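Chain by chain, the residues:
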Amino acid sequence: TITTVQDLAINGAGPAFDLPLHVGRPNIGSRDAFMKYADDIFERCWLSNNGPLVQEFERRVADYHRVKHCVAMCNGTIALEIAIRALGLSGEVIVPSYTFIATAHALHWQAITPVFADIGERTHTLDPEAVRRMITPRTSGIIGVHLWGRSAAVEALQAIADEFGLKLLFDAAHAFACSHRGAMIGNFGDCEVFSFHATKFFNTFEGGAVVTNDDALAEAMRLMRNFGFSGLDNVIYPGTNGKMVEIAAAMGLVNFDAIDAVVEANRRNYCAYRKELADLPGISLLPFDETERNNYQYVVIEIGADCPVGRDRMIEALCAENILARKYFWPGCHNMQPYRALYPHAGLLLANTRQVADRVVVLPTGTSVDEATIRTVASVIRVLIAAGDA
Ligand code: T4K
């Protein structure tokens with residue numbers, strides 16, 4: 001443990017950890033079960049194109065989230081693009097700037113203009129009133145993001161979508177196995193998109209899916225992920241290649257059996273951070289609504305103006321200890337290319353986005369992090385704060 005400023009790596013001491021401590025270390029289920037699936041795949045000689053494991057995986061994702069359809073894809077970004085296409089979005093679509101860049105890029109790649117609306121300062125998700133202000137005659141839809149696995153303002157966004165005749169889709173990349181007002185994520189808007197990237201709560205190496213209760217939409221997306229083929233020689237849509245491979249589905253099936261254990265580990269870590277960081281001036285841990293199902297995959301702290309240490313100094317000091325804390329999703333999509341050049345003044349409307357992006361630090365958690373590790377991470381933060389920014 002770090003007890004004095006002399007123990008800090010930024011002051012010349014050795015790092016608290018010999019090996020880097022990552023945000024987003026993959027959660028991996030039974031390796032033996034995975035190897036068995038891999039053997040079966042080689043036996044069958046069926047590697048891709050809607051194989052039996054992908055079909056089984058889709059059924060499990062749909063059943064788990066109590067939603068009618070799951071269309072598995074090669075990653076979350078392509079899943080977003082296919083959903084955007086299948087929903088017929090065009091012109092402008094309203095999105096938060098405070099999200100991973102893929103949410104905006106998926107629109108841009110479909111020649112649609114992402115229009116950035118501000119978030120709530122506490123929720124970190126789209127502020128419905130800010131969305132309302134960004135609607136123009138060209139607006140065709142809204143993409144809400146369930147950031148950190150905490151649900152967006154689902155009902156308010158749906159009311160706006162209904163009022164203006166807009167499509168509503170949710171980027172649920174962070175929200176696998178989470179609920180909103182007692183209903184599983186996956187059942188809101190026209191459809192919802194999961195990411196199964198290695199760093200996610202639930203991974204398939206790379207992967208993603210769109211889930212929906214809309215039969216026609218699901219069918220269109222199934223064809224679009226396979227070039228638009230309907231039958232062997234008949235193409236009816238301009239599709240792409242968004243298929244999930246069998247080995248990815250195998251990883252998903254294995255990880256299904258580990259979901260409860262991963263939630264438990266994440267929750268234990270979250271509670272340990274909450275205990276260790278309580279009462280530190282200017283540090284607040286983003287809460288989860290304990291009445292909902294949460295995956296606790298992101299431990300997010302905000303460094304307030306009353307904290308004696310600035311956010312960037314905090315990150316620098318943590319990284320010096322080999323604690324690779326992240327400032328997701330700084331500086332906001334509107335400050336990245338091509339959007340920065342396209343809308344140089346977007347920031348004027350995004351006051352909360354700017355503030356939140358400047359405050360957030362995401363700390364390591366997941367199955368590879370234990371309570372002793374968290375005590376050490378917290379001791380670094382505590383000593384830093386006691387020493388101030390000097
Ligand atoms: N929408 C939202 C809201 C998203 O957050 C994302 C993805 C998407 C859409 C798009 O879904 P995908 O197309 O990715 O399925 C990472 C991920 O690449 C990205 O999937 C994720 N969001 C984003 C939040 O985080 P980076 O650039 O931070 O990744 P990287 O390489 O820095 O990895 C993070 C940490 O994890 C590092 O410290 C290393 C560690 N790591 C990473 C990998 C890949 C491992 O320990 N093992 C690994 O295999 O973007």
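Residues numbered from 1 in each chain as written. Predicted model: local features only at pLDDT ≥ 70, side-chain atom pairs only at ≥ 80, totals over all residues. Heavy atoms only, no water.

**Regarding the domain arrangement of the chain**
- Domain assignment breaks the chain into domain 1 (5–24 + 259–325 + 364–387) and domain 2 (31–256).
- Here the C-alpha centre of domain 2 lies 30 Å away from the C-alpha centre of domain 1.
- Between domain 1 and domain 2 the total buried area reaches about 1700 Å² when both faces are included, carbon and sulfur atoms providing 53% of it.
- For domain 1, the biggest contributors to the area lost against domain 2 are Ile259, Arg293 and Tyr298; these three give 41% of the whole.
- Along the contact surface separating domain 1 from domain 2 lie zero salt bridges.
- Put simply, domain 1 and domain 2 have twelve residue pairs in polar contact (both at pLDDT 80 or more) between them.
- Where the side of domain 1 that touches domain 2 is concerned, the elements lending two or more residues are α9 (259–277) and β12 (299–303).
- Sorting elements by how many residues they give to the side of domain 1 that touches domain 2 places α9 first, with four residues.
- Partitioned by chemical class, the residues of the side of domain 1 that touches domain 2 number eight nonpolar, five polar and three charged. (Domains from an automatic or database assignment. Buried area = accessible area lost by both parts, 1.4 Å probe. Salt bridge = Lys/Arg side-chain N within 4 Å of Asp/Glu carboxyl O. Polar contact = N/O pair within 3.5 Å; in protein donor to acceptor, adjacent residues only side chain to side chain. Helix = DSSP H or I, 4+ residues; strand = E, 2+ residues; numbered from the N terminus. Nonpolar A, V, L, I, M, F, W, Y, C, P; charged D, E, K, R; others polar.)

**Observations regarding the side chain of Ser179**
- Within the fold, Ser179 resides in strand β7 (residues 179–180).
- Looking at Ser179, its side chain comes within polar contact range of the side chain of Glu292, at 2.6 Å.
- Of the polar contacts made by the side chain of Ser179, one reaches the backbone nitrogen of Arg293; its length is 2.8 Å.
- Beyond its immediate sequence surroundings of up to four residues, Ser179 is in contact with Met184, Ile185, Glu292 and Arg293. (Contact = heavy atoms within 4.5 Å.)

**Looking at the sheet that holds strand β2 (residues 69–73)**
- Read across the open sheet, the seven strands follow the order β2-β10-β9-β6-β5-β3-β4; overall the sheet is mixed. Pairing within the sheet leaves two strands with one partner each, and these edge strands are β2 and β4 (113–117). When the angles between neighbouring strand axes are averaged without regard to direction, this sheet yields 25°.
- On the sheet, helix α2 (residues 52–64) packs against β2, β9 (191–195) and β10 (208–212) and is oriented at approximately 130° with respect to β2.
- Against the sheet, helix α6 (residues 154–164) makes contact with β5 (139–145) and β6 (167–171), and its axis sits at roughly 150° relative to β6, the strand it touches most. (Pairing = 2+ DSSP bridges. Axes fitted to C-alpha atoms, helices over the stretch in contact; angles between N-to-C directions.)

**Here we look at α6**
- Within α6 the residues assigned to the buried category are Val154, Leu157, Ile160 and Ala161. Buried residues of α6, viewed axially, fall in a sector of 130°; they line one side. Counted as exposed and oriented over 90 degrees from the buried face of α6: Asp162 and Glu163.
- Close packing links the buried residues of α6 with α5 (128–134), β5, β6 and β7. (Buried < 20%, exposed > 50% of the residue type's maximum accessible area, 1.4 Å probe, protein only. Arc of directions from axis to C-beta.)

**Considering the sheet that holds β12**
- Reading across the sheet, the three strands line up as β11-β12-β14 and stay open at both edges, with antiparallel pairing between neighbours. Whereas interior strands pair on both sides, the edge strands pair on one side only; in this sheet they are β11 (283–285) and β14 (360–363). Between one strand axis and the next, the sheet turns through 30° on average, direction left out of account.
- Here β12 runs beside β14; their pairing, made up of four bridges, is antiparallel. When the bridges of β14 are listed, Glu302 appears paired with Val360.
- Taken strand by strand, helix α10 (residues 311–320) contacts β11, β12 and β14, and its axis lies near 25° from that of β14.

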